[in-house]
Amino acid sequence: MAMTGSRRDFLRSVGMAGGAGVLYSTMSALGLAPVPEAHADAYRPPRAGDLAATGRRGGRVLVLGAGIAGLAAAYELGKAGYRCHVLEAKDRPGGRNWTVRGGTRETDLDGRTQTAAFSEGQYMNAGPARLPQSHLSLEYCRELDVPVEVFANQNANAYIYHENGGGTLAGRPVRWRTAKADMYGYVAELLAQATDQGALDQRLTAADRERLLSFLRDFGSIGGRADGWAYTGGSRRGYATEPGAGLEEGTVLGPPPSLPDVLAAGLGRRFSFEFGYDQAMMMFQPVGGMDAIPRALAEAVGAHRITYRAEVTGVHDRADGVEVTWRDHRGRVRTDEADFAVAAIPPMIMARLRHNLGADVTAALRHPVPAPVGKIGLEYRSRWWETDEQIYGGITPTDTDLATIWYPSHGYHGRRGTIIGYYNFGENALAYGALPHAQRLERALSRGVRVHGAKYRTELAASFSVAWHKVPFIEGAWVDWPSQTGPEYRLLDRPAGRVHFAGDWLSHAIAWQHGAFASARKAVTAIHTRVLAE
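Here the residue index of a chain counts from 1 through its sequence in written order. Selection of residues for local features in this predicted model requires a pLDDT of at least 70, selection of side-chain atom pairs for listing and counting requires 80 or more, and totals for whole chains, interfaces and linings are taken over all residues. Hydrogens and water are ignored here; the side-chain numbers use all heavy atoms of the structure.

- The name given to the protein in an unreviewed UniProt entry is Monoamine oxidase, and the organism recorded there is Allonocardiopsis opalescens.

**Observations concerning the UniProt feature "domain: Amine oxidase" (unreviewed entry) in the protein**
Link 1 in the chain: The sites that UniProt annotates as "domain: Amine oxidase" (unreviewed entry) are residues 68–527.
Link 2 in the chain: Comment: elements are numbered from the N terminus, with helices defined as DSSP H or I runs of at least four residues and strands as E runs of at least two. Helix makes up 30% of residues 68–527 and strand makes up 23%, while its end C-alpha atoms are separated by 18 Å. UniProt positions are given in the numbering used here, feature names are shortened, and annotations may be inferred rather than shown by experiment.

**Comments concerning the packing of helix α4 (residues 136–143) against helix α16 (residues 513–533)**
Link 1 in the chain: Two numbers describe how α4 lies on α16: the axes approach to 7 Å, and their chain directions differ by 75°. Classified by the angle between their axes, α4 and α16 sit roughly perpendicular to one another. In this structure, α4 uses Leu136, Ser137, Glu139 and Tyr140 to contact α16, whose residues at the interface are Gln513, His514, Phe517, Ala518 and Arg521.
Link 2 in the chain: Any residue outside Ala, Val, Leu, Ile, Met, Phe, Trp, Tyr, Cys, Pro, Asp, Glu, Lys and Arg is labelled polar, Gly included; the first ten of those are nonpolar and the last four are charged. Considering only residue class, the contact of α4 with α16 consists of four nonpolar, three polar and two charged. Every axis in this analysis is a line fitted to C-alpha atoms, fitted for helices over the stretch in contact. Angles between the N-to-C directions lie between 0 and 180 degrees. Orientation categories follow fixed angle ranges, with anything under 35 degrees roughly parallel, anything over 145 roughly antiparallel, 65 to 115 roughly perpendicular, and all other angles oblique. Here a residue-residue contact requires only that any non-hydrogen atoms of the pair lie within 4.5 Å.

**A look at the side chain of Thr400**
Link 1 in the chain: Positionally, Thr400 belongs in the loop between β22 (394–397) and β23 (404–407).
Link 2 in the chain: The exposure class of Thr400 is buried, given its relative accessible area of 11%.
Link 3 in the chain: Whenever two N or O atoms come within 3.5 Å, that pair is a polar contact, provided that in protein one can donate a hydrogen and the other can accept it, and provided that, for residues adjacent in sequence, both atoms are side-chain atoms. A polar contact of 2.8 Å, which involves the side chain of Thr400, links it to the side chain of Thr398.
Link 4 in the chain: Not counting chain neighbours up to four residues away, the residues in contact with Thr400 comprise Tyr161, Glu163, Asn428 and Arg447. Note on classification: 1.4 Å probe, protein chains only; a residue is buried when its accessible area is under 20% of the maximum for its type, exposed when over 50%, partly exposed between these limits.

**Some details on the domain arrangement of the protein**
Link 1 in the chain: Residue ranges labeled as domains rest on an automatic or database domain assignment. Segmentation of the protein into domains returns domain 1 (48–94 + 293–368 + 481–533), domain 2 (99–157 + 281–289 + 371–470) and domain 3 (176–265).
Link 2 in the chain: With centres defined by C-alpha atoms, the gap from domain 1 to domain 3 works out at 55 Å.

**Some thoughts on the pairing of β22**
Link 1 in the chain: What you see with β22 is no split at all: Gly394 and Thr396 on one side and Ile395 and Pro397 on the other are buried throughout.
Link 2 in the chain: Relative to β23, β22 is paired through four bridges, and the arrangement is antiparallel. If you follow Pro397 over to β23, its bridge partner there is Thr404.
Link 3 in the chain: In this scheme, strands are said to pair when DSSP sees at least two bridges between them. The loop that links β22 with its antiparallel partner β23 comprises six residues; one of these, Ala403, has a positive phi angle of about 70°.

**Considerations on the sheet that holds strand β13 (residues 283–286)**
Hydrogen bonding along the main chain pairs the strands of a sheet, whether they run parallel or antiparallel.
Link 1 in the chain: Strand order in the open sheet made by the three strands is β7-β13-β8, with antiparallel pairing throughout. Every other strand in the sheet has two partners, leaving β7 (131–132) and β8 (148–151) as the edge strands with one partner each.
Link 2 in the chain: Alignment of β7 against β13, held across two bridges, turns out to be antiparallel. Bridge pairing links Leu131 to Phe284 in β13.

Here it is, written out as C-alpha cells:
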C-alpha cells in the first residue's frame, strides 16, 4: 500500500507523542506492520486516566478469592479506580501461598486439627517456595517492596538417595557432585571411545571429531587417547579429607563405582532437574516467608476491601451486572451486587456453587483434575545438616515416598532450622494424607534417618504437615488439565457473561504464582477493555 502524505504525517505525530511502541501498534492496526502472533502484547495496567478521558466510571467488581490471582486482580483494577470487594473463605490472604509459623492452626476436611509449635523465626512455606528469575512474581516483589533473597534450588553437597536401583549404591546416600561426576565421566568415556573408533564418522568431519573429543575430556574429566579415554574419578567426586595447610594435599574420594553400578542406581536421571527452564538457578524467595507477597498485595488493595471467612455460595450473571451470595463467619447469608466478578477460586470448588453460567461451564470447571500434594516441616534444635554434613540449602531427591527433602536457604549458622521433610505427589501424597498427623511425622522420620542417620529423629523439635487435597476451600495443590487446547479450557478462558475466571489453572504456568499473576492481568485487561467500549 502506498502511504499518502496525510497518513505519513499522522504516524509521525503518533510517534512523536507516544514513542516507538505506540507508533508500531498504530501501524499494526492500520495493516502497515506485521503483528507477531507468538508473543502476547506487553501488559499495560489500567489507569484512572483511561476512564477520565472517556467520561466513564470504573464501576464495582467482586473478586472471589484472595489468593494471588484474586489479590492481583483487585490490586490492578484498583489502580484505575475500580471499586473492588474481595471475598475470601479462609481467615488469611494468599490461598495456596501459605507460610506456617508458630501458632498456625488448621483443620483438615477430615476434621483433624493441628497447631504449629515452631519457635520464633522458624517457618515452612507450605505452598510455593521459590521464584524463578523470569517470573512476574519477582516483578511484583519489586513493585510492592517485598525484599527477596537467594533460594538454593541445587546444591552439589546435597544427596541423591535411591533404594530401588541395583548395584552397590542402592540404599546409600550419594552426594550430588559425586553422582554427577561419575555419570558424566562414564558417559564421556563411552562417547569418546565411540567417536575415536569412527562410530560417528558419518556425522563428524575430522576437525569436528577432535573438537568433540576435546569437549568430552573437560565434560567428563576423562583421560586422553593414550589412556583409552578412561574415566577414573578425580577431585570432582569430592574429598574424603579436605585439602589443608602444609603438606595436607587432601584425599580424593575414590575409586568410582563401576559403570554397571552407576547405571543400575539410576542417579543420573535426577540431573535433568537442573535444566528445567523454571528450575534453573538463580532462584529467589521473599525474606521471612513466601506469604510476604500476598500480605503486601492485601495491604495495597486495602484491608477494608477484603472480607475474610466469607464463603461464596452462589454467583448469578445478569444483563447489567452480577449477584454473589456468601456466608459470613457467623453463618449469615449475604448478597452483593457489582458490575463484574472475577472468580479466582479453584475450579472444582467453583463448579459446586449455585450459578446460572450454564451446564457447559460446570462441566468445564470439573474437567481439570486436582493434584494431591503433601509437605511436612521439621524444625530441629540444631542445624546439623550444616555443621555435620556441610549442606547449605538445596534439595535431596529420593525414590522413597518422601520424594524430596529440602534444606532451608536462610538462617545460615543459626541455632535452629526447619527442613521440608517430604514434598510428595500423587499416590504418595494420598498415602501420607490419609494418616493422622503423628503418623505422617513418624513415617517421614523413618525414611529420613536412612539418608541422614539418627539425628534426623533425635534433634527434632516441632513439625507441621499439610495434605493440600484436604485443605478446606482449596482441595488441591494445583490442577492438571487433560488438555489445554480442548473446548473446556477454551470456554473458561473467556468470560461467562460478566463473570471472568482467573487463576494459575488458566495459564501455561500451572502451580506457579507467575501463572496466577498472568491470568489476573488477562482478566483485568478484559474487564477494562469492556468498560471502555461500553
